[in-house]
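Structural description and commentary
Take a look at the letters that make up each chain.
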Amino acid sequence: MSCRPPQLLLLGVSHQTAPLEVRERLALTPAKHTALAAELRADSAVSEYCILATCNRLEIYAVASEPAAGPRLAESFCHIQAIEPAVLAPYAVERQGAAAVAHLFAVAAGLDSQMVGETEILGQVKDTYAGACTAGHIGPVLNRVFQKTFQSAKLVRSETAIGAGQVSVATVAVALAERIFGELRRSRVLVIGAGDIAEKTAKALRNREAGAIAFANRTAGRAEELAREFSGSALPFAQLGTALGGFDIVVSSTSAPEPLLTLPMVYGAMRARSSRPLFLIDLALPRDIAPAVAELPNVYLYNLDDLAGLAEENIAHRRAEIARARALLETRATALWQKLAPNATDTTEIESRPSAPDCHQGSDQASVSAPLP
Amino acid sequence: MDSTFLTDRTAIAIGAGFYTTGLLYGAWSLLFRRRHSRIGGYALMALGWLVHTYGLFLRGQITNSCPVGNRFEILQFVAWSCTLLYLIVGPAFRTSLFGFFSAGMAVLLGVLSIAVPAWDSAARLRPFGADPWVAVHASIALFGYGVFALLALTSLMYLLQHRNLRRKRLDHAAPLLPSIVDLDQINLRLLAAGVALLTIAIAIAGTNWHGQPGVVAPAKLFATVTVWLCYAFALVQRLRQRCIAERFARFGLLLFLAPLLSLWVVIGPPHATPAATAPQPVPERTP
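Residues numbered from 1 in each chain as written. Chains lettered and ligands numbered in written order. Predicted model: local features only at pLDDT ≥ 70, side-chain atom pairs only at ≥ 80, totals over all residues. Heavy atoms only, no water.

Some words on the overall build of chain A
Looking only at helices and strands, one finds 15 helices and 11 strands in chain A. By the burial criterion, 58% of the 373 residues in chain A qualify as buried. (Helix = DSSP H or I, 4+ residues; strand = E, 2+ residues; numbered from the N terminus. Buried < 20%, exposed > 50% of the residue type's maximum accessible area, 1.4 Å probe, protein only.)

A short note on the confidence of the model for chain A
Per-residue confidence for chain A averages 84 on the pLDDT scale, and 88% of its residues sit at or above 70. Contacts of residues 346-373 of chain A to residues separated by more than four positions or lying in other chains number 70 contacts, the stretch itself having pLDDT below 50. (pLDDT = per-residue confidence, 0-100. Contact = heavy atoms within 4.5 Å.)

Considerations on the pairing of strand β3 (residues 57-64) of chain A
Residue and element names in this part refer to chain A. Within β3, eight of the eight residues are buried, leaving the element largely enclosed by the surrounding structure. By the alternation rule, side chains of β3 split into Arg57, Glu59, Tyr61 and Val63 and Leu58, Ile60, Ala62 and Ala64, which are all buried. Pairing of strand β1 (residues 7-14) with β3 involves eight bridges; the strand directions are antiparallel. Across the sheet, Val13 pairs through a bridge with Leu58, a residue of β3. Here strand β2 (residues 46-53) runs beside β3; their pairing, made up of seven bridges, is antiparallel. By the bridge assignment, Ile51 is partnered in β3 with Ile60. Here β2 hands over to β3 after three residues, the two strands then running antiparallel side by side. (Pairing = 2+ DSSP bridges.)

Overview of the environment of Ile121 of chain A
Within the fold, Ile121 of chain A resides in helix α6 (residues 120-135). With sequence-adjacent residues up to four places away left out, Ile121 of chain A is seen in contact with Thr54, Arg57, Val107, Ala108, Gly110 and Ser113 of chain A.

Looking at the interface of chain A and chain B
Listed by partner, the interface residues are 23 residues for chain A and 21 residues for chain B. One salt bridge connects Asp306 of chain A with Lys168 of chain B, and the closest N-O pair in it is separated by 3.0 Å. For the side of chain A that touches chain B, the secondary-structure elements that each account for two or more residues are α8 (169-181), β10 (299-303) and α13 (304-314) of chain A. Per-element accounting of the side of chain A that touches chain B gives the leading share, five residues, to α8 of chain A. In terms of residue class, the side of chain A that touches chain B is made up of 12 nonpolar, four polar and seven charged. (Salt bridge = Lys/Arg side-chain N within 4 Å of Asp/Glu carboxyl O. Nonpolar A, V, L, I, M, F, W, Y, C, P; charged D, E, K, R; others polar.)

Let's talk about the sheet that holds strand β5 (residues 189-192) of chain A
All names here are of chain A. Here we have six strands laid out as an open sheet, ordered β7-β6-β5-β8-β9-β10, and parallel in their pairing. The sheet is open, and its two borders are formed by β7 (233-235) and β10, each paired with just one other strand. The sheet shows a mean angle of 20° between the axes of neighbouring strands, taken without regard to direction. Relative to strand β6 (residues 213-216), β5 runs parallel, the two being bridged by four bridges. The partner of Val189 across the bridge, within β6, is Ile213. (Axes fitted to C-alpha atoms, helices over the stretch in contact; angles between N-to-C directions.)

Re the packing of aromatic side chains
One pass over the structure, following the stated rule, counts 13 aromatic pairs over all chains. Look at Tyr25 of chain B and Trp28 of chain B: their rings are 6.3 Å apart centre to centre, the planes differ by 20°, and that puts the pair in the stacked class. Here Tyr25 of chain B and its partner Trp28 of chain B are both found in helix α1 (residues 8-31), three residues apart, which amounts to about one turn of the helix. For Trp28 of chain B, a relative accessible area of 36% translates into the label partly exposed. A connected cluster of aromatic rings, assembled from ring pairs, spans Tyr61, Tyr129, Phe146 and Phe150 of chain A. Just above the ring of Phe150 of chain A sits the side chain of Lys126 of chain A; from NZ or CZ to the centre is 5.8 Å. Across from the ring centre of Tyr302 of chain A, 5.3 Å away, lies the NZ or CZ of Lys168 of chain B, which sits over that ring. (Phe/Tyr/Trp six-rings, centres within 6.5 Å; stacked < 30°, edge-to-face > 60°. Lys NZ or Arg CZ within 6 Å of the ring centre and 35° of its normal.)

Here's the deal with the pattern of salt bridges
In total, this model carries 21 salt bridges over all chains according to the counting rule given. Here Glu246 of chain B makes a salt bridge to Arg250 of chain B, at a shortest N to O gap of 2.6 Å. In this pair, Glu246 of chain B and Arg250 of chain B both sit in helix α8 (residues 245-254), four residues apart, roughly one turn of the helix. Beyond isolated ion pairs, a larger network of salt bridges with shared partners links Arg57, Glu59, Asp112 and Arg326 of chain A.

Some remarks on the layout of surface pockets
All names here are of chain A. Counted as a void, the largest pocket has a volume near 1000 Å³. Around the largest pocket, the lining comprises 41 residues; the ones closest to its centre are Leu28, Ala53, Thr54, Cys55 and Ser255. Broken down by secondary-structure element, the contributors of at least two residues to the lining of the largest pocket are β1, α1 (20-26), α2 (30-42), β2, β3, α6 and α9 (196-207). Of all the elements, α6 adds the most residues to the lining of the largest pocket, at six residues. Across the lining of the largest pocket, the residue classes tally to 21 nonpolar, 14 polar and six charged. (1 Å grid on protein atoms, 1.4 Å probe; cavity = no way out; pocket = protein on both sides within 12 Å on 5 of 7 lines; lining within 4 Å. Points joined across faces, edges and corners; volume = space filled by probe spheres on them.)

Structural notes on empty space enclosed by the protein
Residues and elements named next belong to chain A. Counted under the stated rule, the structure contains four cavities of 30 Å³ or more. Taken as a whole, the largest cavity encloses approximately 170 Å³ of empty space. Taken together, 16 residues line the largest cavity, and the ones lying closest to its centre are Asn56, Ser113, Glu118, Gln124 and Ile197. Elements represented by at least two residues in the lining of the largest cavity include exactly α6 and α13. Of all the elements, α6 adds the most residues to the lining of the largest cavity, at three residues. Of the residues belonging to the lining of the largest cavity, the class tally is seven nonpolar, six polar and three charged.

Let's talk about the nonpolar core
Within the largest apolar cluster, 153 residues are counted, with the highest numbers of intra-cluster contacts made by Ile249 and Phe279 of chain A. Tallying contributions element by element places helix α5 (residues 132-167) of chain B first for this core, with 18 residues. Of all hydrophobic cores here, the second largest spans 27 residues; its members include Leu36, Val46, Ala62 and Ile83 of chain A. (Core = buried A, V, L, I, M, F, W, Y, C linked by side-chain atoms within 4.5 Å.)

Brief notes about α9 of chain A
All names here are of chain A. Over its 12 residues, α9 runs 16 Å from end to end, which matches the ideal 16 Å to within 8%, given 1.5 Å per residue. Those residues of α9 lying buried are Ile197, Ala198, Glu199, Thr201, Ala202, Ala204 and Leu205. Elements in contact with the buried residues of α9: α6, α8, β5, β6, α10 (220-229) and β8 (249-252). Glu209 occupies a position one or two residues after α9 and carries a positive phi of about 60°. (Expected span 1.5 Å × (residues − 1).)

Concerning the state of the cysteines
Per the counting criterion, the structure on display carries zero disulfides over all chains. Of all cysteine sulfurs, the one in Cys133 of chain A lies closest to Cys50 of chain A, which takes part in no disulfide; the gap is 8.0 Å. (Disulfide = S-S within 2.5 Å.)

Here's the deal with the side chain of Glu118 of chain A
Residue and element names in this part refer to chain A. Mapped onto the secondary structure, Glu118 falls in the loop between α5 (97-108) and α6. For Glu118, which is buried and forms no salt bridge, the nearest opposite charge comes from Arg157, at a distance of 6.6 Å. Within the structure, the side chain of Glu118 is placed 3.3 Å from the backbone nitrogen of Ile121, a separation counted as a polar contact. (Lys, Arg positive; Asp, Glu negative; His and termini not counted. Polar contact = N/O pair within 3.5 Å; in protein donor to acceptor, adjacent residues only side chain to side chain.)

What follows is the structure, given as structure tokens:
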């Protein structure tokens with residue numbers, strides 16, 4: 001029996017460490033996601049892994065038999081993205097052991113979100129976990145960690161006021177729509193893509209009695225499915241440009257590598273409209289709507305960072321709860337990790353660890369923005 | 001001076017007091033982030049307008065004509081028109097800052113009207129008693145100016161809301177402002193109403209004094225027609241979708257300088273009014 005406890009490794013980039021432009025560059029396309037999973041699978045030291053990719057973060061959780069597998073996570077990621085490690089280094093976060101568990105707890109509880117206390121992230125973590133389970137990437141350690149993550153997220157909501165009030169990308173977007181259009185009954189909504197947040201935004205708009213909702217998706221079947229769910233209509237993806245002028249609110253959340261709505265396209269749509277403004281909500285990463293569109297008269301363009309910035313004031317009181325919530329989660333994370341890796345020790349800087357760590361030195365380490373090899 | 005308390009000037013002053021209270025109430029709500037009662041603000045404006053109306057009614061009885069005979073009366077009449085329009089239009093908005101802005105406009109015009117005591121002289125700009133059409137023309141034109149004053153207010157509100165949305169920083173006042181679409185619609189309606197009123201006023205003048213040179217001074221005619229042309233041009237451009245959104249709101253705000261400047265031309269400098277060379281205060285009157 002090996003003396004080495006399991007090593008839980010985390011490599012991540014999020015809105016807290018990288019600006020939107022960098023996150024756009026580091027975002028994983030579905031093909032790259034698959035390729036990265038294949039690289040991790042090929043690493044003999046990695047037994048379990050899970051890639052959490054949301055609009056605001058990209059995090060790789062891996063269980064390895066040796067701490068030295070940590071740097072290889074970054075190497076694999078840079079290899080897939082075809083970037084130099086120095087590009088990633090200033091924005092990367094590395095955690096190990098209990099610190100990695102506590103980080104995941106905090107992420108799932110919404111403490112690490114742009115809008116503190118929002119609940120969408122928990123659903124995204126659950127979906128990511130379910131997907132990894134189906135793909136066979138999850139083993140006993142990550143299974144236990146994720147199950148406890150979901151429990152902890154629920155506990156934090158009941159024990160603290162971190163979820164007080166209704167603040168999310170969707171509700172902020174709806175509030176903005178009301179400031180532009182007043183009552184939304186006569187506003188026509190177009191949802192491009194089938195992202196989770198876009199769907200939630202559509203739901204929030206529908207709850208505020210928004211007018212007709214149309215869905216456009218590269219997969220026509222998915223658009224029709226959403227149209228049925230929301231009692232809306234499906235718009236052929238190829239007709240986006242010509243139909244755009246007929247909508248008042250456009251929510252876009254696709255994984256397209258290039259902007260779907262370009263300046264000429266929106267300019268043309270605005271010429272076809274009367275004096276009614278156009279509200280564009282870009283929830284995609286990379287962005288679906290060319291930033292230059294914001295300069296057009298009567299056009300209001302908001303991206304993820306904008307919506308999150310607006311929510312800052314509204315959630316100030318939630319921030320006051322962060323410290324209490326973190327303390328609660330860190331206690332639980334430490335307790336969990338001690339059960340999973342009884343021989344683990346406390347945190348030390350990754351940079352200071354020896355190249356051939358032993359059982360004591362290799363666990364429970366953490367550093368933020370640590371330079372990668 | 002009459003010993004009875006409620007003279008025309010006193011009633012006008014009390015009305016202005018209500019407007020000022022509405023303004024201060026709105027400012028207090030904004031500054032201290034307290035809830036602003038829309039009904040409370042509206043009630044203050046309505047009470048102010050009722051007393052204001054009574055004051056102007058008394059003034060009309062004194063002068064035996066529509067109270068638009070000197071600078072004080074003209075500014076008061078524009079403030080009264082603007083407030084009346086707010087009381088009609090305001091309830092259509094769910095938000096409450098419209099009353100705050102209207103109160104601000106009424107207070108501004110009120111303060112302006114009393115800034116120069118000589119402006120409330122007994123000198124009359126027109127012998128209204130001789131031709132009732134003059135009074136009708138003047139009151140319709142000034143009511144139109146009141147519409148344009150309100151248009152300037154709603155345009156300012158549009159620009160504030162637009163600026164908030166464009167800068168992506170919604171301050172405390174932002175939720176209290178009407179929506180962009182609501183403000184754009186009311187701007188268009190106010191502009192159309194103002195142009196219609198001014199058209200009627202000019203038509204009355206043209207019908208009654210056509211072919212009577214000397215009745216209307218060329219400068220006054222030029223000023224009035226220029227104001228009408230400016231607003232009519234803005235309306236046409238708006239209807240043709242050439243001037244929309246922010247640009248339209250900027251027009252609505254900046255164009256109000258035209259009626260303000262034209263008032264000075266129409267009224268003329270103090271020495272231009274024959275009887276105003278030695279201005280006498282209008283005698284106060286009680287019911």
